[in-house]
Amino acid sequence: MSSRPINVVPFHDDFAAEVGDIDLREPLSEDSLQIVRDAFARYAVLVFPAQELTVEQHLAFARNFGPLETTVARQMSGRKLRTREEIADIANLDAEGQIWKGESRTRLFQMGNRLWHTDSSFKHPSGYASMLYGRSVAPIGGHTQFADLRAAWDALPPAVKQRIDGLIGEHSLVYSRRRLGFTQFTDDEKIAFAPFARPLVRTIPESGRRNLYLASHIGRIQGMPDEQAEQLLRELIDHATQRQFLYTHRWRVGDLLMWDNRCTMHRGTEFDDLRWRRDLHRATTSDRPDAFGPLQVQAQFAA
Ligand code: OGA
Ligand code: MN
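Predicted, not measured: the structure shown is a model, and the values here were computed from it.

Q: Just checking my understanding: could you explain the environment of Q242 for this structure?
A: Within the secondary structure layout, Q242 lies in the loop between α8 (226-240) and β12 (246-249). Judged by relative accessible area, Q242 falls into the partly exposed class, the value being 31%.

Following this line, the structure appears as structure tokens:
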């Protein structure tokens, strides 16, 4: 363990910070954990550079922030896991560890990560903290971008705030994949990915800040015609992803990137995924289940 104090270096006043002089291989003391929690509540995206983590160490760190989720890949037919079910395999690799082929189903499905989204807004409970660890990174492209949905809320005109406060979005993986033209879900997958309803505006208890809760997983807004909902979502996502609200992470091997899914969106940027290996492991924890209640929607996913 380093004897230096943990060093928090912000990128912006209240959004995204690097955290140095901390070794995530070892269990953290209560004091160290409190520093991380405070930084997380303020900055919402944290970068821990130059870590060397086994899968077990990665998961042990993640467990400090709630119960671990299991990957949606378990529910995808024909998908073989490369690692434990608590790890979301964010890699352009097949089950044998080779770079995937252009026509691979997993590739089409994973392209959903290039759309602005937040993790597991379509699950119950929804996602809280994601911790993404860089094992191999592309030499060019393949960055991860984040949008601060608290600052985006603050900057909305009062009339828009008033109009959207109280609206309920319906989130499903089927909706985000449909945006990419991926519609070949099996019946079992459609059941597994039935939508959940969640408010478009929320408050984070630790900071007391209000924010938009947006994602490409939203396919409907309750009480609104679909075309009007789509228009509103597009406007809100365009607003929230203006450059003043963004942090772009350029990966180095050994980075552990941690974000709050309740108040940020993220997306992967383009890279030559048939050429370069990019191998990232994600652990995600669940939010408190009582946040919105289990408002599962019985949608039929009509074509
Ligand atoms: C994720 C994700 C984007 C990327 O890990 O949840 O969306 O940069 N990643 O690959
Ligand atoms: Mn994601």
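Q: So what exactly am I meant to see when it comes to the sheet that holds strand β2 (residues 17-20) here?
A: The strands making up a sheet associate through backbone hydrogen bonding, with each pair oriented either parallel or antiparallel. If you walk across this open sheet you meet the seven strands as β1-β2-β3-β13-β5-β15-β4, and the pairing is mixed. Both outer strands of the open sheet, β1 (7-10) and β4 (88-91), are each paired with one neighbouring strand and no more. Direction aside, the axes of adjacent strands within the sheet are offset by 20 degrees on average. Along the sheet face, helix α1 (residues 30-43) touches β1, β2, β3 (45-48), β5 (127-136) and β13 (256-260) and points at about 135 degrees away from the line of β3. Most of the contacts of helix α2 (residues 55-62) go to strand β15 (residues 279-286), to which it runs at about 30 degrees, and overall it touches β3, β5, β13 and β15.

Q: Help me understand the site of ligand 1, please; the structure alone is not making it clear to me.
A: In the neighbourhood of ligand 1, the contacting residues comprise I90, N113, H117, D119, L132, H143, T144, W259, H266, G268, R278 and R282. Between ligand 1 and T144 there is a distance of 2.6 Å, counted from an oxygen atom to a side-chain nitrogen or oxygen. Within the side chain of R278, an N or O atom sits 2.8 Å from an oxygen atom of ligand 1. With the chains in place, 98% of the 290 Å² that ligand 1 exposes on its own is no longer accessible. Grouping the amino acids of the shell around ligand 1 by side-chain chemistry returns three nonpolar, six polar and three charged.

Analysis parameters
- Residues numbered from 1 in each chain as written.
- Chains lettered and ligands numbered in written order.
- Predicted model: local features only at pLDDT ≥ 70, side-chain atom pairs only at ≥ 80, totals over all residues.
- Heavy atoms only, no water.
- Helix = DSSP H or I, 4+ residues; strand = E, 2+ residues; numbered from the N terminus.
- Buried < 20%, exposed > 50% of the residue type's maximum accessible area, 1.4 Å probe, protein only.
- Pairing = 2+ DSSP bridges.
- Axes fitted to C-alpha atoms, helices over the stretch in contact; angles between N-to-C directions.
- Contact = heavy atoms within 4.5 Å.
- Near = heavy atom within 4 Å.
- Polar contact = N/O pair within 3.5 Å; in protein donor to acceptor, adjacent residues only side chain to side chain.
- Areas by Shrake-Rupley, 256 points an atom, 1.4 Å probe, with all protein chains shown as cover.
- Nonpolar A, V, L, I, M, F, W, Y, C, P; charged D, E, K, R; others polar.

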